[in-house]
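Summary of the model geometry
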Amino acid sequence: MKKILPVLSAVLLLNACASVKPDYEVRDRMKGGEPSWIEDAEKAAQNKKEREEFRFYKADAENVNKKLCQQSAKANAVRKMAEEISQEIVSKFEEKNDSLDDNATAAVKDRLARNISTRLHGAREAGTYWERRAYKAEMGAAKDIEKFKCDCVVKMKVTVLEEALNAYKQQTLNSLKDADQKKAMAKAFDEVAEDLRESED
């Protein structure tokens with residue numbers, strides 16, 4: 001019986017996912033259809049060399065105005081880049097230092113994301129896609145409304161990311177008073193930078 005329950009739960013979950021229907025109709029879309037990078041940002045790379053030299057990040061946005069929708073999607077992708085990098089640093093920092101509680105760790109992560117994002121210059125758009133959707137209350141939407149759904153993938157050269165991390169490393173260390181935390185944070189920055197370099201090999 002214990003073996004049957006997990007299988008039954010998985011089947012029910014799959015059926016539930018399969019039964020989910022969109023609450024909108026696509027009225028128009030970008031020529032060429034949905035790109036492959038929608039599911040995997042790295043597929044925006046043109047070749048193996050570009051995939052090794054750059055990191056790719058994808059995000060989306062919605063707006064009744066197409067231009068604003070596309071601008072928001074790009075801004076969200078850059079923000080996601082900063083958030084993911086700061087998460088990598090915080091994760092490695094946590095492995096080496098357990099003196100912070102959850103709230104303090106969250107505060108460190110948020111501060112890192114904000115400050116790293118201000119130093120991430122050079123993000124380039126690697127792909128964009130949009131759809132004009134008509135959301136309908138009768139299909140389950142909150143209300144009838146027509147707006148654009150935009151996706152954007154940006155790329156950032158690994159060497160530029162390394163430079164941004166090195167530029168912010170000392171500033172972050174200066175903000176920490178505890179010697180052990182400084183040591184742990186320095187190692188976290190160094191390991192993330194090393195991971196970036198290895199991704200180029």
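Before any of the text, the structure's been laid out above.
Computed from a prediction, not measured in an experiment: that's the story for all the values here.

Attention shifts here to the nonpolar core. Membership of the largest hydrophobic core comes to 38 residues, with the highest contact counts inside it found for Met 81, Ile 89 and Ile 116. At the level of elements, strand S2 (54-63), helix H3 (66-96), helix H4 (102-119), strand S4 (145-157), helix H5 (158-174) and helix H6 (179-200) are the ones that each hand at least two residues to this core. The biggest single contributor to this core is H3, with 10 residues. Sequence-distant contacts of Met 81, that is, excluding residues within four places in its chain, are made with Tyr 57, Leu 120, Ala 123, Val 154, Met 156 and Leu 161. Among the nonpolar cores identified, the runner-up in size contains 9 residues, and Ala 41, Ala 44, Ala 45 and Val 153 belong to it.

Take the state of the cysteines next. Tallied over the full model, the rule gives 1 disulfide. Each sulfur in the disulfide pair Cys 69 and Cys 150 lies 2.2 Å from the other. Sign of the S-S torsion, about 130 degrees for the bond between Cys 69 and Cys 150, identifies this disulfide as right-handed. One end of the pair, Cys 69, is in helix H3; the other, Cys 150, is in strand S4, and 81 residues separate them in sequence. For Cys 69, a relative accessible area of 0% corresponds to the buried category. Among the residues examined, Cys 150 registers a relative accessible area of 0% and is labelled buried. Summary of cysteine pairing: Cys 152 is not part of a disulfide, and the nearest cysteine sulfur, belonging to Cys 150, is at 9.2 Å. According to the relative accessible area criterion, Cys 152 is buried, its value standing at 1%.

Counting across every chain of the model gives 3 aromatic pairs. Plain terms: the ring middles of Tyr 24 and Tyr 135 are 5.3 Å apart, the flat faces sit at 55 degrees to each other, and that makes the pair tilted. Remark: Tyr 135 occurs in strand S3 (residues 124-135) and Tyr 24 occurs in strand S1 (residues 24-29); sequence separation between them is 111 residues. Looking at Tyr 135, the relative accessible area reads 10%, which means it is buried. A cation sits over an aromatic face here: Arg 133 above Tyr 24, 4.0 Å from the ring centre.

Rules of the game
Residues numbered from 1 in each chain as written. Predicted model: local features only at pLDDT ≥ 70, side-chain atom pairs only at ≥ 80, totals over all residues. Heavy atoms only, no water. Core = buried A, V, L, I, M, F, W, Y, C linked by side-chain atoms within 4.5 Å. Buried < 20%, exposed > 50% of the residue type's maximum accessible area, 1.4 Å probe, protein only. Helix = DSSP H or I, 4+ residues; strand = E, 2+ residues; numbered from the N terminus. Contact = heavy atoms within 4.5 Å. Disulfide = S-S within 2.5 Å. Phe/Tyr/Trp six-rings, centres within 6.5 Å; stacked < 30°, edge-to-face > 60°. Lys NZ or Arg CZ within 6 Å of the ring centre and 35° of its normal.

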